[in-house]
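Structure at a glance
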Amino acid sequence: EPEVTQTPSHQVTQMGQEVILRCVPISNHLYFYWYRQILGQKVEFLVSFYNNEISEKSEIFDDQFSVERPDGSNFTLKIRSTKLEDSAMYFCASRTGPGNYGYTFGSGTRLTVV
Amino acid sequence: SQQGEEDPQALSIQEGENATMNCSYKTSINNLQWYRQNSGRGLVHLILIRSNEREKHSGRLRVTLDTSKKSSSLLITASRAADTASYFCATSLIFGGYQKVTFGIGTKLQVIP
């Protein structure tokens, strides 16, 4: 069964530091997403990415966030200057194409900002 | 808001019993999806039901969709301890080939052996 792979599984960073969360989506998928889940809360949409550009982003996805697909396989989420409230599980997801398809999620990166 | 809301927020049952979780939403959708999340892990896609479908089965899972009431239910039959997890409904709206999926707050299911 193809998987979405996320690394690292857990990252601890100092407030104000930059972090890059990495994802390898399923190879023939075309649509990519980042979601986050603060502990005990709902899963929140951050950004969607298709055809090498952002399709949509939420209010959470401000200027501190950016995404990139640098080499055709990796899909990264960068937080430039982390805040305490960025502590959450970050999930990458991918989808094969338009229409009625579900997402395949990675197992997440737990980001802890101290 | 398109967001689904699950009911109940927590459910505890004995192994072998059936578990029913409900989801209500507010706007039109193209499909509705159910996901499972084991504690501290990622979300696993369980089943997708399209807006023109009323019922769908997958193994011990049965999903219904009532678009007139803007509600869906997930039934897990003959539950097992391994079914203990949080279950999320996610509503999906498709426009111009782009799919926007919004998650509810989830139902935490505990199956007691």
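Everything numeric here is computed off the predicted structure, so don't read it as measured data.

All right, on to the overall build of chain B then. Scanning chain B from N- to C-terminus turns up 0 helices and 11 strands. Here the C-alpha radius of gyration of chain B, 14 Å, is about what a compact globule of 113 residues would show, namely 13 Å. Overall size of chain B, expressed as C-alpha extent along the three principal axes, is 45 × 30 × 20 Å. When burial is assessed residue by residue, chain B has 45% of its 113 residues classed as buried. Looking at chain B alone, contacts between residues at least 24 apart form 56% of all its contacts between residues at least 6 apart. Within the structure as shown, chain B displays about 5300 Å² of accessible surface, and the carbon and sulfur contribution to it stands at 45%.

What follows deals with the state of the cysteines. One pass over the full model with this rule turns up 2 disulfides over all chains. There is a disulfide in this structure between Cys23(A) and Cys92(A), and the S-S distance comes to 1.9 Å. Disulfide Cys23(A)-Cys92(A): torsion about the S-S bond near -65 degrees, hence left-handed. Residue Cys23(A) is located in strand S3 (residues 19-24), and its partner Cys92(A) is located in strand S9 (residues 88-95); the two are separated by 69 residues in the primary sequence. Accessibility classification places Cys23(A) together with Cys92(A) in one group, the buried group. Here Cys23(B) engages in a disulfide with Cys89(B); their sulfurs sit 2.0 Å apart. Between Cys23(B) and Cys89(B), the S-S torsion sits near 60 degrees, and that sign places the bridge as right-handed. Linking Cys23(B) in strand S3 (residues 19-24) with Cys89(B) in strand S9 (residues 85-95), this pair joins segments that are 66 residues apart in sequence.

What follows deals with the confidence of the model for chain B. Parts of the model with low pLDDT should not have their predicted coordinates read in detail. Summarising the model, chain B shows a mean pLDDT of 91, and 95% of its residues fall at 70 or more. Confidence scores differ between elements of chain B, with strand S1 (residues 5-7) of chain B showing the lowest mean pLDDT of 79 and strand S7 (residues 61-66) of chain B the highest of 98.

The next thing to look at is the side chain of Ser86(B). Residue placement: Ser86(B) occurs in strand S9. Here Ser86(B) is in contact with Tyr35(B), Arg36(B), Gln37(B), Thr107(B) and Lys108(B), once residues within four sequence places are set aside.

Our next topic: the environment of Ile20(A). All names here are of chain A. Mapped onto the elements of the fold, Ile20 is located in strand S3. Ile20 sits 93 residues away from Val113 along the chain, and the two C-alpha atoms are 13 Å apart. When residues no more than four places from it in sequence are discounted, the contact partners of Ile20 are Gln11, Thr76, Leu77 and Lys78.

Further remarks concern the interface of chain B and chain A. Often the size quoted for an interface is simply the accessible area lost on bringing the parts together. On the chain A side, the residues contacting the 24 residues of chain B number 23 residues. Across the chain B to chain A interface the summed buried area is about 1800 Å²; carbon plus sulfur atoms make up 53%. Taken together, the connections running from chain B to chain A amount to 0 salt bridges. The tally of links between chain B and chain A comes to 3 residue pairs in polar contact (both at pLDDT 80 or more). Where the side of chain B that touches chain A is concerned, the elements lending two or more residues are strand S4 (31-37), strand S5 (43-50), S9 and strand S10 (98-103) of chain B. Broken down by element, the side of chain B that touches chain A gets its largest block of residues, 5 residues, from S10(B). For the side of chain B that touches chain A, a count of residues per class yields 10 nonpolar, 11 polar and 3 charged.

This part takes up the sheet that holds strand S7 (residues 65-68) of chain A. Residue and element names in this part refer to chain A. Strand order in the open sheet made by the 4 strands is S1-S3-S8-S7, with antiparallel pairing throughout. Among the strands making up the open sheet, the edge pair consists of strand S1 (5-7) and S7. Strand-to-strand, the axes of this sheet are offset by a mean angle of 20 degrees, without reference to chain direction.

Moving residue by residue along a regular strand, the side chains alternate between the two faces of the sheet. All names here are of chain B. Because side chains alternate across strand S11 (residues 107-112), one face comprises the buried residues Thr107, Leu109 and Val111, and the other comprises Lys108, Gln110 and Ile112, none of which is buried. With 5 bridges connecting them, strand S2 (residues 10-14) and S11 associate as parallel partners. Looking at the pairing, Leu11 lines up with Leu109 of S11. Pairing between S9 and S11: 3 bridges, direction antiparallel. When the sheet's bridge partners are listed, Ala85 is paired in S11 with Leu109.

Cut-offs applied
- Residues numbered from 1 in each chain as written.
- Chains lettered and ligands numbered in written order.
- Predicted model: local features only at pLDDT ≥ 70, side-chain atom pairs only at ≥ 80, totals over all residues.
- Heavy atoms only, no water.
- Helix = DSSP H or I, 4+ residues; strand = E, 2+ residues; numbered from the N terminus.
- Rg over C-alpha atoms; globule rule 2.2 N^0.38 Å.
- Buried < 20%, exposed > 50% of the residue type's maximum accessible area, 1.4 Å probe, protein only.
- Contact = heavy atoms within 4.5 Å.
- Areas by Shrake-Rupley, 256 points an atom, 1.4 Å probe, with all protein chains shown as cover.
- Disulfide = S-S within 2.5 Å.
- pLDDT = per-residue confidence, 0-100.
- Buried area = accessible area lost by both parts, 1.4 Å probe.
- Salt bridge = Lys/Arg side-chain N within 4 Å of Asp/Glu carboxyl O.
- Polar contact = N/O pair within 3.5 Å; in protein donor to acceptor, adjacent residues only side chain to side chain.
- Nonpolar A, V, L, I, M, F, W, Y, C, P; charged D, E, K, R; others polar.
- Pairing = 2+ DSSP bridges.
- Axes fitted to C-alpha atoms, helices over the stretch in contact; angles between N-to-C directions.

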